[in-house]
Structure formats: C-alpha cells, structure tokens
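Structural overview for review
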Amino acid sequence: MQPIQDAHIVRLIEQISEHYRMNIYNQYIRPALLQMPLDKATWDLIDILTEKVDQFRYQGFHLDELYRQIAACARFISMVRRDLVPGLRNRSSVPAVTGPNKVLRDMAVNNFASNLQVFADLINELYVKLVEMDKADARGHMPLYVQIPELRDVGRQLIGG
C-alpha cells in the first residue's frame, strides 16, 4: 500500500497532535502521566503520532505504523481512564503552583477527563477512517487491520467499555 497522504487524514493527525500536546501531555498533567506503568515502546509510538507530524506530512504515513500508533494510544487512554482519572485531583504528582499558573493547573486537572475523551474520539475517528480506506484498498484480500492483533481491543479501549 502506498503511504497515506490524504489531506483529511493528515489534518486529523495534526488535530490529534495539537490536542494531545495542549490538553493531555501538558506541563500540569505530564508528571502524573509519566508515573503510569506504560512501556517505552508504547510511549515511543504515541510520541511518533503526536510529535512527528511534520516528518510524515510530505512523505506520507504508513498504514501499519498508524495502526500500531493507534493501538498504543488506545492502551494509553484505557490505562489513564482506569488508573489516573479517578484520583487526578488528589494526586501529589500534579505540581503545586500559585498565582495565575494555579488557575491554569486547576483548569487542566478539572478538564482532563473531558479532554481525554476528546482525544479518544479523535483517535477513534482516525481509526475508523483508516479501516474504511484499508477495506477499500484490500480488493478481495484480507485488510491489514484484521492482521494486526493489537487492534482487536481498540474499539473497546477507546469507547471505555
């Protein structure tokens, strides 16, 4: 399969990247996230999707790599929902600050669950669009998403079931 250069997919990945950097992995939430027991490979896949958009924008995205990045994001979302969100407001890992930064920190913490849901929805939208593209390109062959075991639970992890 040719590298993906579809403008809608690229814009969606850019939107995912921006939302992640601003609302999920920001200076107020990052210390708590870094305490999550995620393996380095998962963090690396998330970083590639959310930090290296410019690197792939012109050369295109590889479908198998995007699927693995989506699976990593789904694992991350599921773990954060289960282990971090319920006690985030009480966590000592969220830095204590004063003044105007305290307001920003409180906003980041108070809106984190909603922002995580937006991130999950964006990842799910990307996944659905890639699966549609994959099915259309398969033409009588088995689509790639069916061949990647990590994708079996992606829907459940993203929806929160």
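Below: a short report on this structure. Values in this document were obtained by computation on a predicted structure and should not be read as measured data.

A look at the packing of helix α1 (residues 7–24) against helix α7 (residues 112–138)
The N-to-C vectors of α1 and α7 enclose an angle of 160 degrees; their axes lie 10 Å apart at closest approach. Between α1 and α7, the interaxial angle falls into the category roughly antiparallel. In terms of crossing hand, the pair formed by α1 and α7 is left-handed. For the pair α1 and α7, the contacting residues are His 8, Ile 9, Leu 12, Ile 13, Gln 15, Ile 16, His 19, Tyr 20, Asn 23 and Ile 24 in the first and Phe 112, Asn 115, Leu 116, Val 118, Phe 119, Leu 122, Ile 123, Glu 125, Leu 126, Lys 129, Leu 130 and Met 133 in the second. Looking at the contact of α1 with α7, its residues break down into 15 nonpolar, five polar and two charged.

Considering the packing of aromatic side chains
Two descriptors summarise a pair of aromatic rings, namely the distance from one centre to the other and the angle between the planes of the rings. Counting across every chain of the model gives seven aromatic pairs. Between Tyr 20 and Phe 76, the aromatic rings sit 6.2 Å apart at their centres with planes inclined by 65 degrees, giving edge-to-face as the arrangement. With Tyr 20 in helix α1 and Phe 76 in helix α5 (residues 63–83), this pair connects stretches of sequence that are 56 residues apart. With respect to burial, Tyr 20 and Phe 76 carry one shared label: buried. A centroid spacing of 6.4 Å and a plane angle of 85 degrees characterise the contact between Phe 76 and Phe 119, whose relative ring orientation is edge-to-face. On the criterion of sequence distance, the pair formed by Phe 76 in helix α5 and Phe 119 in helix α7 is long-range, its members being 43 residues apart.

Cut-offs used in this document
- Residues numbered from 1 in each chain as written.
- Predicted model: local features only at pLDDT ≥ 70, side-chain atom pairs only at ≥ 80, totals over all residues.
- Heavy atoms only, no water.
- Axes fitted to C-alpha atoms, helices over the stretch in contact; angles between N-to-C directions.
- Helix = DSSP H or I, 4+ residues; strand = E, 2+ residues; numbered from the N terminus.
- Parallel < 35°, antiparallel > 145°, perpendicular 65-115°, else oblique.
- Left-handed = near helix turned anticlockwise from the far one by under 90°.
- Contact = heavy atoms within 4.5 Å.
- Nonpolar A, V, L, I, M, F, W, Y, C, P; charged D, E, K, R; others polar.
- Phe/Tyr/Trp six-rings, centres within 6.5 Å; stacked < 30°, edge-to-face > 60°.
- Buried < 20%, exposed > 50% of the residue type's maximum accessible area, 1.4 Å probe, protein only.

Bear in mind that shape data such as this cannot, by itself, settle questions of function.
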